[in-house]
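What follows is the residue order along each chain.
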Amino acid sequence: QVQLVESGGGLVQAGGFLRLSCAFSGSIPSSAYMAWYRQTPGKQRDVVASITSGDRTMHVDSVKGRFTISRDNAKNTMYLQMDSLKPEDTAVYYCSVEAFGRYYWGKGTLVNVSS
């Protein structure tokens, strides 16, 4: 049974920072593809960053240099360090993992960046 639980969201001022955590349970391979997505009302859910085998990472242009995805398999946790936050970063952030040939999702954590 794969489960994902996000945490770490909250209200911050522009220019501030937050670190999101995604605790995962279940038999998830260390090489599994995992990613952070975000979604605002009226818009589709978009990928923010991803991480896979060998801790290879990818970040979308809008967050490059500001966000950093990482994973600690020993702690069964994936992270998203968010620095220099902007109001447009406001969204519900979701973690996702590909395991057993399918994708699993958490319920999300809200990040609200005030101007």
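Residues numbered from 1 in each chain as written. Predicted model: local features only at pLDDT ≥ 70, side-chain atom pairs only at ≥ 80, totals over all residues. Heavy atoms only, no water.

Here we take up the packing of aromatic side chains. Tallying each qualifying case throughout the model produces 2 aromatic pairs. Here the aromatic rings of Tyr33 and Tyr103 are separated by 6.4 Å at their centres, their planes lie at 80°, and the arrangement is edge-to-face. You can see Tyr33 sitting in the loop between strand E3 (18–25) and strand E4 (34–39) and its partner Tyr103 sitting in strand E10 (residues 102–105), a full 70 residues away along the chain. A relative accessible area of 28% means that Tyr33 is categorised as partly exposed. Classification of Tyr103 as partly exposed rests on a relative accessible area of 44%. When the centroid spacing of 4.8 Å and the interplanar angle of 65° are considered together, the rings of Tyr37 and Trp105 count as edge-to-face. Highlighted residues: Tyr37 in strand E4 and Trp105 in strand E10, separated in sequence by 68 residues. Residue Tyr37 is classed as buried on the basis of its relative accessible area of 17%. (Phe/Tyr/Trp six-rings, centres within 6.5 Å; stacked < 30°, edge-to-face > 60°. Helix = DSSP H or I, 4+ residues; strand = E, 2+ residues; numbered from the N terminus. Buried < 20%, exposed > 50% of the residue type's maximum accessible area, 1.4 Å probe, protein only.)

Moving on, we come to the sheet that holds strand E7 (residues 67–72). Spatially, 4 strands are ordered E1-E3-E8-E7 in an open sheet, and the strand pairing comes out antiparallel. Each of the sheet's edge strands pairs with one partner strand only, and the pair in question is strand E1 (3–7) and E7. Sheet twist, expressed as the average angle between the axes of neighbouring strands with direction ignored, equals 15°. When E1 meets E3, the two strands line up antiparallel, connected through 5 bridges. Residue pairing for E3: Val5 is matched across the bridge by Ala23. (Pairing = 2+ DSSP bridges. Axes fitted to C-alpha atoms, helices over the stretch in contact; angles between N-to-C directions.)

Let us look at the pattern of salt bridges. Where charged atoms of side chains with opposite charge meet at close range, the side chains can pair. For the coordinates displayed, the defined rule picks out 3 salt bridges. Of the charged contacts, one joins Asp61 and Lys64 as a salt bridge, the two residues approaching to 3.2 Å between their closest N and O atoms. Among the ionic pairs, Arg66 bridges to Asp89, the shortest N-O distance being 2.7 Å. Here Arg66 is found in the loop between strand E6 (56–59) and E7, whereas its partner Asp89 is found in the loop between strand E8 (77–82) and strand E9 (91–99), with 23 residues between them in sequence. The residues Arg66 and Asp89 share a single accessibility class, namely buried. Salt bridges sharing partners connect three or more residues here, namely Arg38, Arg66 and Asp89. (Salt bridge = Lys/Arg side-chain N within 4 Å of Asp/Glu carboxyl O.)

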